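Understanding the architecture of this molecule
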Amino acid sequence: RSIVRDPSIFLFDEPLSNLDAELRVQMRVELARLHEHLGNTMIYVTHDQVEAMTMADQIVVMKDGQVMQVGSPLELYNRPANRFVAGFIGSPKMNFIEAQLAGDGALKVADTRLELGANRSFLQPTGTPVSLGIRPEHILTGDAGGQALGQAQVHLVEHLGGSTVIHASLNSGPNFGPEITVMVPGQMQIASGDSLPLSIDPGNCHLFSMDGARLCNE
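The following paragraphs examine the structure supplied in this document. (Residues numbered from 1 in each chain as written. Predicted model: local features only at pLDDT ≥ 70, side-chain atom pairs only at ≥ 80, totals over all residues. Heavy atoms only, no water.)

Looking at the sheet that holds strand β6 (residues 106-109)
Whether parallel or antiparallel, the strands of a sheet pair through hydrogen bonds between backbone atoms. How we decide: If DSSP finds at least two bridges between two strands, the strands pair. Secondary structure elements follow DSSP: runs of H or I no shorter than four residues count as helices, runs of E no shorter than two count as strands, and numbering proceeds from the N terminus. Axis lines are fitted to C-alpha atoms, over the contacting stretch for helices. Their N-to-C directions set the angle, which ranges from 0 to 180 degrees.
Strand order in the open sheet formed by five strands is β7-β6-β5-β8-β14, and the pairing between neighbours is antiparallel. Edge positions in the open sheet fall to β7 (112-115) and β14 (206-209), since each of these has one partner strand only. When the angles between neighbouring strand axes are averaged without regard to direction, this sheet yields 40°.

Here it is in structure tokens:
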């Protein structure tokens, strides 16, 4: 009924929230086709970040009535303005690991020193606590290279066919470190209780202050 009136703006308020998973995917495609055909502005409210990433030209991320960031889906994915946006965009969600600035563009994570590059300058002094953000798909396993993050103790493995999601704790041993999620492409033969070496590409790291503000990732 709304379409035949040819309005200039459509407002969708979580229209797919009550549909099953398969139908949600189908309707996402149908709505995208409808938008392309009509050319009208569509404002779409959703808590599902997959819907936002796949359907939007521009995303407005809000928290408690405040706008956190406005940008294209890939802008929000690649350069989140703060920790809230970083944790909201992406599935599985971004890992956040407590760290300290170690000077000369480096971080200290537990007993591991990560060299993020001398071109990263921070106004905060050495020893300042920060939050290191790294997406599950950007964590490297085995001998894949990058900066060594340490050993991880595997707790749970989700075999999805096209990818494998690993839930683990850093620094395996009597005292487990922070929880971390790793997503690797394809089918990986690994089980709960295994130990797995992890590393990261400094170019894919995000740094946030302890109050959630973005620091730098150049």
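Here's the deal with the layout of surface pockets
Inclusion rule: Space inside and on the surface of the protein is sampled on a 1 Å grid over the protein atoms alone, with a cavity defined as a set of points where a 1.4 Å probe fits but cannot get out and a pocket as an open set with protein on both sides within 12 Å along at least 5 of 7 lines; lining residues have an atom within 4 Å of a point. Grid points are joined across faces, edges and corners, and a volume is the space filled by probe spheres set on the points. Under this grouping Gly is polar, as are all residues other than the nonpolar Ala, Val, Leu, Ile, Met, Phe, Trp, Tyr, Cys and Pro and the charged Asp, Glu, Lys and Arg.
Roughly 820 Å³ of internal volume is contained in the largest pocket. Taken together, 23 residues line the largest pocket, and the ones lying closest to its centre are Tyr 44, Val 45, Ala 56, Gln 58 and Ile 59. Taken together, the residues of the lining of the largest pocket sort by class into 16 nonpolar, five polar and two charged.

Concerning the sheet that holds strand β13 (residues 195-200)
Taken in spatial order, the five strands make up an open sheet running β9-β13-β10-β11-β12, and their pairing is antiparallel. The open sheet terminates on both sides in strands that have one partner only, identified here as β9 (139-141) and β12 (179-185). Shown here is a sheet whose adjacent strand axes are inclined to one another by a mean of 45°, direction ignored. Sheet analysis places strand β10 (residues 147-159) next to strand β11 (residues 163-170), joined by seven bridges and oriented antiparallel. In the strand pairing of β11, Glu 158 is matched with Val 165.

Things to note about a nonpolar patch on the surface
Where we set the bar: To count toward a patch, a residue needs a relative accessible area over 30% and no salt bridge; like charges are then connected within 9 Å, while nonpolar side chains (Val, Leu, Ile, Met, Phe, Trp, Tyr) are connected within 5 Å. Using the Shrake-Rupley algorithm and a 1.4 Å probe, accessible areas are obtained, with residue cover drawn only from the displayed protein chains. Any carboxyl oxygen of Asp or Glu within 4 Å of a side-chain nitrogen of Lys or Arg constitutes a salt bridge here. Residue burial is assigned from relative accessible area. The probe radius is 1.4 Å, only protein chains are included, and a residue is buried under 20% of its type maximum, exposed over 50%, and partly exposed in between.
A cluster of nonpolar residues, Ile 9, Leu 11, Ile 43 and Val 45, forms a patch on the protein surface that exposes about 370 Å² of accessible area. Take Leu 11: it is sitting in strand β1 (residues 9-13). The exposure class of Leu 11 is exposed, given its relative accessible area of 63%.

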